[in-house]
Amino acid sequence: MKCMYCQGEMKKSTAPFSISRQGYHIHWDAIEAYVCSQCGEPYFESETVDKIQAALSALEEKSKELIKI
Ligand SMILES: [Zn+2]
């Protein structure tokens, strides 16, 4: 797999992932990803993105009861 930005070699590794939602901020330190050995750009597989999305929607559901904005 080649990096879509610099055509560098993508290696299986981990990358941090963070996202801000209304009232809370999520940061994972190390999620499985392909990382460009040249520019460091991470690429998450669609299966991984699905898992991230599932985790976020579960969290969102529970957060509704907690967050008062
Ligand atoms: Zn690259």
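Scroll up to find the structure.
The text that follows walks through the structure, step by step, so that each part is easy to find.

Calculation criteria
Residues numbered from 1 in each chain as written. Predicted model: local features only at pLDDT ≥ 70, side-chain atom pairs only at ≥ 80, totals over all residues. Heavy atoms only, no water. Helix = DSSP H or I, 4+ residues; strand = E, 2+ residues; numbered from the N terminus. Buried < 20%, exposed > 50% of the residue type's maximum accessible area, 1.4 Å probe, protein only. Contact = heavy atoms within 4.5 Å. Donors = N, O, S within 2.8 Å, 3.2 Å for Na, K, Ca; no water. Tetrahedral: all angles 85-135°; square planar, octahedral: opposite > 155°, others 65-115°. Phe/Tyr/Trp six-rings, centres within 6.5 Å; stacked < 30°, edge-to-face > 60°. Pairing = 2+ DSSP bridges. Axes fitted to C-alpha atoms, helices over the stretch in contact; angles between N-to-C directions.

A word on the environment of S13. With respect to the helices, strands and loops of the structure, S13 is situated in strand 1 (residues 10-21). Residue classification places S13 among the partly exposed residues on the basis of a relative accessible area of 35%. Ignoring sequence-local partners within four residues, the contact set of S13 consists of I31, E32, A33 and V35.

Turning our attention to the coordination of the zinc ion. Around the zinc ion, the protein supplies C3 (SG), C6 (SG), C36 (SG) and C39 (SG) as donor atoms, at distances of 2.3 Å. Each of the 4 donor atoms bound to the zinc ion contributes to angles spanning 100 to 116°, and the resulting shape is tetrahedral. Each donor residue of the zinc ion lies on the same chain, and together they follow the pattern C-x2-C-x29-C-x2-C. Of the two residues, C3 sits in the segment before strand 1 while C36 sits in strand 2 (residues 24-36), which places them 33 residues apart along the sequence.

A word on the packing of aromatic side chains. If you walk through the whole model with that rule in mind, you get 2 aromatic pairs. Between F17 and W28, the aromatic rings sit 6.3 Å apart at their centres with planes inclined by 35°, giving tilted as the arrangement. Taken together, the positions of F17 in strand 1 and W28 in strand 2 put the pair 11 residues apart, joining distant regions of the chain. Considering the side-chain rings of F17 and F44, the 5.5 Å spacing of their centres and the 90° angle between planes classify their relative orientation as edge-to-face.

Whenever strands of a sheet pair, they do so through backbone hydrogen bonds, lying parallel or antiparallel. Strand order in the open sheet formed by 3 strands is 1-2-3, and the pairing between neighbours is antiparallel. Two strands close off the open sheet at either side, each with one partner strand: strand 1 and strand 3 (42-43). Here strand 1 runs beside strand 2; their pairing, made up of 11 bridges, is antiparallel. Directly across from K12, in strand 2, lies its bridge partner Y34. Taken strand by strand, helix 1 (residues 46-63) contacts strand 1 and strand 2, and its axis lies near 175° from that of strand 2.

Note that all results are geometric; they support no functional claim without further evidence.
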